[in-house]
Amino acid sequence: MIFGSITKLETFTDEFVCFVKVTTSDGHIGWGQTSNYHSDITAQVFHRQVAPWVLGKDASDIGALVTLVEAREHKFPGSYRCRANAGLDTALWDLRGRVEGKPVVELLGGTAKKLRTYASSMRRDITPKDEAERLVKLRDEFGFDAFKWRVGAECGNDIDEWPGRTEEVVPVVSRALGDGISKLVDGNSGFSPKRAIEVGALLEAEGIGHFEEPCKYWELEETKQVTDALNIDVTGGEQDWDLVTWKRMIDMRAVDVLQPDIMYMGGIWRTLKVVEMAKKAGMPITPHSANLSLVTICTMHLFGAIPNAGKYLEFSIEGFEYYPWQKDLFLGNPFAIEGGKVQIPQGSGWGVEINPAWLAKAKYQVSEI
């Protein structure tokens, strides 16, 4: 199928979100998104270091375009290049879906089904009692049967968010949620191996089955100590973008479950490389999708297609009061939860429509032939 060559790349940006629109010589369009946060900076990288290399190129071979940018910008192999490339990649997948009249999940070999989710708390500035109360309310109102909450302090070096919080929040929340609920916690690189193993013993005793990023994520050997010591799943990978690091993480079995973030990775095409490595190693993929922007939409489509998908999709429970920048990004409600499940959008491409009113207020930049 002919898609034409890329003639225009537009970005619509605020500090937190950067949407990308691609237009081809055949008049086809697609919408994508760079990674969140400091997105105004990522937009500059996109126009300076991504767009010049792909304008005029065939839009049909996503992998070739991503690889071209990586080769041309080989002196900048880091996170921002991947965050910017995600905007190109996700816009091109949407374009392909629109041209073929299929949701991206079908392009990837899956179906637009409903997905089990886990309700993911982002907060540490909350007492154990208040956290338990709000999670129980979500359980009862929306039917979630899996929840994740936070322990330790982000990159805390064994210093808790406040003294004793971890030892309190684990049993208080777990017992409030009760039996029949899958329970997960996230350490966000907060612990040394010794401390993480101690916390892991507490998690095991309280029926929690998932311990995410217990140690500094860049110290894989530290995390492996925890993985080897515990019976529950130790998980990680959300921060990582380098495929060499992913190979090492998988080869050494640093974790039990892998959690790539599509936007940090540089898009669907590069994330599929991690999926394939994990498949060969017999390891499940539970992607990181920690806010209600296009990252969760894209992750739904990926998760619905890969053969080694984990148990559940991460679904942020934080609303506009915590993430005000999420407000009015899309028309309708593509994030509706019923019975703890979310529907993969069934329309062409990503199957969502970005809110024109949001776009009208955003900073606009364009690169074109």
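Residues numbered from 1 in each chain as written. Predicted model: local features only at pLDDT ≥ 70, side-chain atom pairs only at ≥ 80, totals over all residues. Heavy atoms only, no water.

A.B. asks: What am I meant to see in the packing of helix 2 (residues 62–72) against helix 3 (residues 79–100) here?
C.D. replies: The relative placement of two packed helices is expressed as an angle between their axes plus a distance between the axes. At a minimum axis separation of 10 Å, helix 2 and helix 3 run at an interaxial angle of 160°. On the basis of their axis angle, the class for helix 2 and helix 3 is roughly antiparallel. Here the hand of the crossing between helix 2 and helix 3 comes out right-handed. Contacts from I62, L65, V66, V69 and E70 of helix 2 reach helix 3 at R81, N85, L88, D89, L92, W93 and R96. Residues belonging to the contact of helix 2 with helix 3 are distributed by class as follows: seven nonpolar, one polar and four charged. (Axes fitted to C-alpha atoms, helices over the stretch in contact; angles between N-to-C directions. Helix = DSSP H or I, 4+ residues; strand = E, 2+ residues; numbered from the N terminus. Parallel < 35°, antiparallel > 145°, perpendicular 65-115°, else oblique. Left-handed = near helix turned anticlockwise from the far one by under 90°. Contact = heavy atoms within 4.5 Å. Nonpolar A, V, L, I, M, F, W, Y, C, P; charged D, E, K, R; others polar.)

A.B. asks: It is not clear to me how empty space enclosed by the protein should be interpreted in this structure. Could you clarify?
C.D. replies: Left-over empty space is what a probe sized like a water molecule reveals as it rolls over the atoms. Enumeration over the complete set of coordinates arrives at one cavity of 30 Å³ or more. Here the lining of the largest cavity is built from residues that sort into six nonpolar, four polar and two charged. (1 Å grid on protein atoms, 1.4 Å probe; cavity = no way out; pocket = protein on both sides within 12 Å on 5 of 7 lines; lining within 4 Å. Points joined across faces, edges and corners; volume = space filled by probe spheres on them.)

A.B. asks: How should I be thinking about helix 9 (residues 243–251) in this particular structure?
C.D. replies: Each α-helix turn comprises 3.6 residues. Residues three or four places apart therefore point the same way. Among all positions in helix 9, only W246, M249 and I250 are buried. The arc that holds the buried residues of helix 9, viewed along the axis, is 95°, so those residues lie on one side. Exposed side chains of helix 9 directed beyond 90 degrees from the buried face belong to V244 and D251. At its buried positions, helix 9 is contacted by helix 8 (220–229), strand 8 (233–236), strand 9 (257–258), helix 10 (262–265) and helix 11 (268–281). Once helix 9 finishes, R253 follows within two positions and takes phi at roughly 55°, a positive value. (Buried < 20%, exposed > 50% of the residue type's maximum accessible area, 1.4 Å probe, protein only. Arc of directions from axis to C-beta.)

A.B. asks: I tried to follow the state of the cysteines on my own but got confused; where do I start?
C.D. replies: Two cysteines, two sulfur atoms, one covalent bond between them: this is a disulfide. Within this structure, the stated rule accounts for zero disulfides. The cysteine C82 is free of any disulfide, with C18 supplying the nearest cysteine sulfur at 15 Å. Its sulfur unpaired, C215 is 11 Å from the next cysteine sulfur, which belongs to C155. (Disulfide = S-S within 2.5 Å.)

A.B. asks: Where do I start with the layout of surface pockets in this structure?
C.D. replies: Taken as a whole, the largest pocket holds about 610 Å³ of empty space. Forming the walls of the largest pocket are 24 residues, and the residues nearest its centre are L292, F315, I317, E318 and G319. Going through the elements one at a time, helix 5 (128–142) and strand 10 (313–316) are the ones with two or more residues in the lining of the largest pocket. Here the lining of the largest pocket gets four residues from one element, more than from any other, and that element is helix 5. In the lining of the largest pocket, the residues fall into 13 nonpolar, five polar and six charged. Of the pockets and cavities examined, the second largest pocket occupies roughly 440 Å³. Taken together, 23 residues form the lining of the second largest pocket, with M122, R150, E154, N188 and Y323 sitting closest to its centre.

A.B. asks: I tried to follow the pairing of strand 2 (residues 18–24) on my own but got confused; where do I start?
C.D. replies: On a regular strand, each side chain points to the face opposite its neighbour's, so the side chains alternate between the two faces of the sheet. Most of strand 2 sits out of view: six of its seven residues are buried. Where strand 1 (residues 6–13) meets strand 2, seven bridges bridge the pair, whose relative direction is antiparallel. The residue bridging F12 from the neighbouring strand is F19, located in strand 2. If you look at the hairpin formed by strand 1 and strand 2, you'll find four residues sitting between the two strands. Examined bridge by bridge, strand 2 and strand 3 (residues 29–33) share five bridges and lie antiparallel to one another. (Pairing = 2+ DSSP bridges.)

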